[in-house]
Structures are given as C-alpha cells and as structure tokens.
Amino acid sequence: MGKRLTITLILFFFALTSHEAQNAYDTGEWFKFRIHYGPFNASYATLEVTDDYLNGTPVYHIVGEGKSTGMLHWFFKVNDNYETFIDRKNGKPYKFIRQIDEGGHTKDLEIDFDHRSNTAYVHDKKHDKKKTYSTKENIHDMLSAFYYLRSNINEDALQPGHEIYLNLFIDDENMDFKVKFLGREVIKTKFGKVNALKFRPYVMAGRVFKEQESLTFWVSDDKNKVPLKIEADLAVGSLDADLDAYKGLKYPFRIIID
C-alpha cells in the first residue's frame, strides 16, 4: 500500500556497492529524516548506532524507528521499529528485529543469522511460528545492508551506468537487489549545498511503486556517505524523504560554501 510510509524505504534503498574498506560510521552516529507523502508532512524516521554485546560478541547495535505525524497519524498510524546487531569488523548481521504497525498491518519478527551454515532462523512472534531458511553467501538484512554497503563504496567502479548487486533476506525470503549509479550532482539540503552520489534501484512495479525505476536517492560524496534524500513515484502519489538532523559523524560533513 502506497501510504505505508515506513522507515523501510530509507533503509532498503540507501544500498550502494561492495569492497573492503574502513567503516563510514561509528558509535554515536544518529540521523533524523523528514518524510513527505504528497503535500503532507507524513512521518519522521531515525537511525542510531550504539555499542553492545550479543552472546559475548562485541557488536554495533543499530536501531531504526519511524512514526507518523500530523494529519496522517489520525487516519493511518505508523509505528515501526527495526534493529540489527552487526559484527564490528566485517559488518555481517547476527540478529535482526522487525516490529511494525502500519495502519493496522503488523509484524513482529526476530531473525538470527548463521553465516557458517548460511541459514536464517526466523521467529514470527505474531503467529508464534519458528522456521529455518537457507540463505545465500554474504547475506544481509535491510538495515545491516545500509551500513555494510555504505562503508564499502568502490569509488573506482562508480561510473554512470555501473550496476551493483546485493543478497538480502527479508522476512522469510531471499532477494536479489540491483541498483544503478547515475552520477554525481550538487544538491540543496537543509544544511547547504552538498556534493552527492546519485543512485536508482530497480524496484517491483505494481502495488507500491509506479514503475521499476520509480525511486532515486542521494548520499554525500565524502567519507561519511550520509543519506541525504530520496524521491519515489508511488502507485498512488509520491514520497520524498530528506535528512533533517544528524550528529556523531565519523568524518567532517562537507558543505559547499558559496
């Protein structure tokens, strides 16, 4: 449904490319996004990185939250929570949590990944079901993918038209994700003009998106790879998301001074 203005749109579509590199983020990083559905200021979404331990292993604990606001909240309530626990060295996810309430559509999932056996153990708490699924190599959840790939941009490969692929596991299925690099641009943000990298993922046309190439997003062209903006043509209406606030960046945020 097009009105499901969840943080999923931000988390899933800010994926980039892959090769070994230094993390673009660190503990204490926090983003806030302002999301518009058509003329409405529809919701806010946040992403935060903290230190934690999972079964004695040091991890980054990343939490994403999305909530509806204003008029939309009265007739289509959104209250989403996403969490991932990822290895501090290689960025692979160990556990993923998805708890959403989108206009009465709810999910409560907990997924544990075993990268040695390439399996995902899914606990569907809403329906009290547990099942193990086979996964592909180097699998990611929608939240770990953002941080892993954001840290592994191969600048030398970023030529217009270059296509990037990623293995994802979402809810109970493996997904092949492809995104195209469109080029470099200077875009206006709340904080000033920023050099940006522009990408277009291939999405499924139909229920949510108007066409396969209905979505475009931008990240900062610096060491942080800050998610700056997203635009989407939906089956009904359009959606825009913009960076509204940030703190705890690992590197300086490059703002162009006129």
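Please refer to the structure higher up on the page.
Procedures and definitions
- Residues numbered from 1 in each chain as written.
- Predicted model: local features only at pLDDT ≥ 70, side-chain atom pairs only at ≥ 80, totals over all residues.
- Heavy atoms only, no water.
- Helix = DSSP H or I, 4+ residues; strand = E, 2+ residues; numbered from the N terminus.
- Buried < 20%, exposed > 50% of the residue type's maximum accessible area, 1.4 Å probe, protein only.
- Contact = heavy atoms within 4.5 Å.
- Areas by Shrake-Rupley, 256 points an atom, 1.4 Å probe, with all protein chains shown as cover.
- Salt bridge = Lys/Arg side-chain N within 4 Å of Asp/Glu carboxyl O.
- Core = buried A, V, L, I, M, F, W, Y, C linked by side-chain atoms within 4.5 Å.
- Polar contact = N/O pair within 3.5 Å; in protein donor to acceptor, adjacent residues only side chain to side chain.

1. Structural notes on the overall build of the protein
Argument step 1. In terms of helices and strands, the protein carries 3 helices and 14 strands.
Argument step 2. Looking at the protein as a whole, 49% of its 258 residues qualify as buried.
Argument step 3. Restricting to contacts in the protein with at least 6 residues of sequence separation, those with at least 24 account for 53%.
Argument step 4. Surface accessibility of the protein: about 12,300 Å² in total, with carbon and sulfur atoms responsible for 48%.

2. Observations regarding the pattern of salt bridges
Argument step 1. Taken as a whole and judged by the stated rule, the model has 14 salt bridges.
Argument step 2. Between E110 and K125 there is a salt bridge, with the nearest N and O atoms lying 3.2 Å from each other. Highlighted residues: E110 in strand 6 (residues 105–114) and K125 in the loop between strand 7 (119–124) and strand 8 (129–134), separated in sequence by 15 residues.
Argument step 3. Overall, E110 belongs to the buried group, its relative accessible area being 18%.
Argument step 4. Here K229 makes a salt bridge to E231, at a shortest N to O gap of 3.8 Å.
Argument step 5. Residue classification places E231 among the partly exposed positions, given a relative accessible area of 32%.
Argument step 6. Because the salt bridges share partners, they merge into one network encompassing K95, E110, D112 and K125.

3. Observations regarding the nonpolar core
Argument step 1. Counting 55 residues, the largest nonpolar core has Y147, F169, F199 and L228 as its most contacted members.
Argument step 2. Ranked by residues supplied to this core, first place goes to helix 3 (residues 142–150) with 7 residues.
Argument step 3. Those residues within four positions of Y147 in sequence are excluded, and the remaining contacts are Y25, E29, L47, V49, I62 and I86.

4. Brief notes about helix 3
Argument step 1. Counting buried positions along helix 3 gives 9 out of 9 residues, so the element sits mostly inside the fold.
Argument step 2. The backbone nitrogen of L143 lies 2.8 Å from a side-chain oxygen of the residue at the head of helix 3, namely D141.

5. Things to note about the side chain of K95
Argument step 1. Inspection of the secondary structure assignment puts K95 in strand 5 (residues 93–102).
Argument step 2. Judged by relative accessible area, K95 falls into the buried class, the value being 13%.
Argument step 3. Of note is the side chain of K95, whose polar atom sits 2.9 Å from the side chain of E110.
Argument step 4. With near-sequence residues (within four places) excluded, K95 lies in contact with L54, E83, T84, F85, E110, I111, D112, F113 and D141.

None of this, on its own, says anything about what the molecule does.
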